[in-house]
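# Understanding the architecture of this molecule
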Amino acid sequence: MARFPKPAEGSWTEHYPELGTAPVSYDDSTSPDFYERERRAVFQRAWLNVGRVEQLPRTGSYFTKEVAVANASVIIVRGLDGEVRAFHNICRHRGNKLAWNDYPRAETHGVCRQFTCKYHGWRYDLEGALTFVQQESEFFDLDKSRYGLLPVRCDVWAGFIFVNFAAEPEQSLREFLGPMITDLEGYPFDRMTARFGYRTNIAANWKLFMDAFQEFYHAPVLHAKQSPEKYSTLAMQAGFEAPHYRIEGPHRLVSTSGVRFWEMDQELVKPMEVVTRSGLFGPWDQVDLGEMPTGVNPARCDPWGLDSFQLFPNFVVLLWSQGWYLTYHYWPTSPNTHVFEGNVYFLPATTVRERVAQEMAAVTFKEFALQDANTLEATQIGIESGYVQDFLLNDQEVLCRHLHKEVADWIADHEAQGDGAPVEVQR
Amino acid sequence: MARLPAEFADLEPFAETWCLPTEPERYDQRLASTMTDMAAFYDAITPRAEAAMAYLEQHPLHDLPEDATNLLHLLYSMIMVSFPVEAWGQPRVPDTGSASFDCHIEPVP
């Protein structure tokens, strides 16, 4: 018996009939050929979030982003006019990588007045113009105005910086995001600058980890031992149901209902949660973020726990009802590896108790993420063996079904335009 | 030389090991510690956490004296060891043999 009403069709999955209900293949998460097509059709065409404007606090602030799946390194920089721009991180002289420190493949950040190539000293201003060439008179017919840094399409929404590697993106950033996402405008992302940032290499396809965080069917099982036995037994008996799912364009949303740990019997929570008044769902004492925009908790779940917005292709914004948020990024590096980044954002703490509660929430997040990360390697090994070809998805895994279909659709669309290999896409 | 405020002299034996300013240092110390050592630290500090927070509240969070900052870092380490002590019974999260999740930025203090 469902705890929450399902759509009239009888299930969330059938509410989106294009998804089907049949078992699925995960060839798209193991095949090198599929990865090459995904690289061109998805990661060189979609808007990709590379960071937030708070990472560029003043003129000349910059950071680099390695986007292996697009064969790109990008410099994101705030210019003299305050605009955020993105450039390929390549000197126009002989192709040396322009901004890096110590390790050419590592990301870097800092503040500068101009970019100077380490190799022959060519300089570029903050708007990308080539301003100085060492021994310029030795060159032949050099018109410096033609050799500025190669720009990458860049736009900012709600303080999130996006790039697009297409020469001419098919949609503006705003069109690409669509109303389900842009209705989050007004959420105080700009004030939530207390950040815990984490990253790791994961030995699994990026979509499999997206899947891990877009269903909570696993939560009472994989994470059972994170809770006292009495709580985890009850949680496993109850199973997981989300009160609301939504799919709009290439993006997805799951909302969950809230749990009021602070009203629970102490046998059901961990002692450190009582000491710090905090845990997985965040600080127990909710901060007042002011009036929420219409896009937050759009189904008006009560009690409401979180909204997990899955932005195509590889970016997640997860808003907790307790007044903090997470972001996840999944950066593919090969068919069966990716870099996973998690960021935890709070309003800056004003008291010791707030700060201690934030520490507890961040440390708890890491404990859960470690469990999820290692399980993913085990999933990749199982799928990659090739012995099992079709896999079952239940109604609480509807968003997993959608991600894989969306990627396949982008490839089919791209290849129908004649830009890719004319091969039939199979899912 | 005492690291902690005089009121918390009872926690001084744990200060050298656990007054660590960054998450990577605290996580590495956890993985390098025995359960016996972490349980001793947990048992000593947990009943004192309320008093420590009340003491620290007397100062502005962003202008803590050095000994108070050390006490705050000791509370962060209390949180770090609580997972092995309360949940896992071992320093590492079970079944996470090859997994890591490295913290590269965190609020100060």
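The structure displayed is predicted, hence computed values, not measured ones.

Moving on, we get to the environment of Phe 139 of chain A. All names here are of chain A. On the secondary structure map, Phe 139 appears in the loop between β8 (130-132) and β9 (151-157). Its 12 C-beta neighbours within 10 Å are what place Phe 139 among the exposed residues. On a C-alpha basis, the gap between Phe 139 and Phe 34 in space is 44 Å, while along the polypeptide they are 105 residues apart.

A separate point is the domain arrangement of chain A. Residue and element names in this part refer to chain A. Under the domain assignment used here, chain A contains domain 1 (12-42 + 180-416) and domain 2 (48-168). One C-alpha centre belongs to domain 1, the other to domain 2; they are set 32 Å apart. Of the residues lining the interface, 12 residues belong to domain 1; the matching set on domain 2 comes to nine residues. At four residues, the largest contribution of residues to the side of domain 1 that touches domain 2 is made by strand β16 (residues 324-334). By residue class, the composition of the side of domain 1 that touches domain 2 is five nonpolar, four polar and three charged.

To continue, consider the pairing of strand β2 (residues 61-67) of chain A. Residue and element names in this part refer to chain A. Pairing of β2 with strand β5 (residues 109-111), which is carried by three bridges, proceeds in the antiparallel orientation. When the bridges of β5 are listed, Ser 61 appears paired with Val 111. In this sheet, strand β3 (residues 72-78) lies alongside β2 in antiparallel orientation, the contact comprising six bridges. Of the residues in β3, the one forming a bridge with Thr 64 is Ile 75. Counting the residues that bridge the hairpin from β2 to β3 gives four residues, and of these Asn 71 lies at a positive phi of roughly 55 degrees.

So, on to the sheet that holds β3 of chain A. All names here are of chain A. Ordered in space as β1-β10-β9-β4-β3-β2-β5, the seven strands form an open sheet in which the pairing is antiparallel. Across the chains shown, the open sheet's two edge strands, defined by having one partner strand only, are β1 (48-52) and β5. Taking each pair of neighbouring strands and ignoring which way they run, the sheet shows an average axis angle of 25 degrees. Pairing geometry for strand β4 (residues 84-88) and β9, over two bridges, is antiparallel. Looking at the pairing, Phe 87 lines up with Pro 151 of β9.

Sheet strands pair by backbone hydrogen bonding; their relative direction is either parallel or antiparallel. Taken in spatial order, the eight strands make up an open sheet running β12(A)-β13(A)-β14(A)-β15(A)-β16(A)-β17(A)-β11(A)-β1(B), and their pairing is antiparallel. A single partner strand is all that each edge strand has here, and the edge strands are β12 (244-248) of chain A together with β1 (102-105) of chain B. With strand direction ignored, the average angle separating the axes of adjacent strands in the sheet is 15 degrees. Where strand β14 (residues 304-311) of chain A and strand β15 (residues 315-320) of chain A come together, six bridges link them in antiparallel fashion. The partner of Asp 307 of chain A across the bridge, within β15 of chain A, is Leu 319 of chain A. Sheet strands in contact with helix α3 (residues 173-182) of chain A are β12, β13 (251-257) and β14 of chain A, and its direction is about 15 degrees off that of β13 of chain A.

About the cut-offs
- Residues numbered from 1 in each chain as written.
- Chains lettered and ligands numbered in written order.
- Predicted model: local features only at pLDDT ≥ 70, side-chain atom pairs only at ≥ 80, totals over all residues.
- Helix = DSSP H or I, 4+ residues; strand = E, 2+ residues; numbered from the N terminus.
- Buried ≥ 20, exposed ≤ 12 C-beta atoms within 10 Å, placed from the backbone.
- Domains from an automatic or database assignment.
- Contact = placed C-beta atoms within 7 Å.
- Nonpolar A, V, L, I, M, F, W, Y, C, P; charged D, E, K, R; others polar.
- Pairing = 2+ DSSP bridges.
- Axes fitted to C-alpha atoms, helices over the stretch in contact; angles between N-to-C directions.

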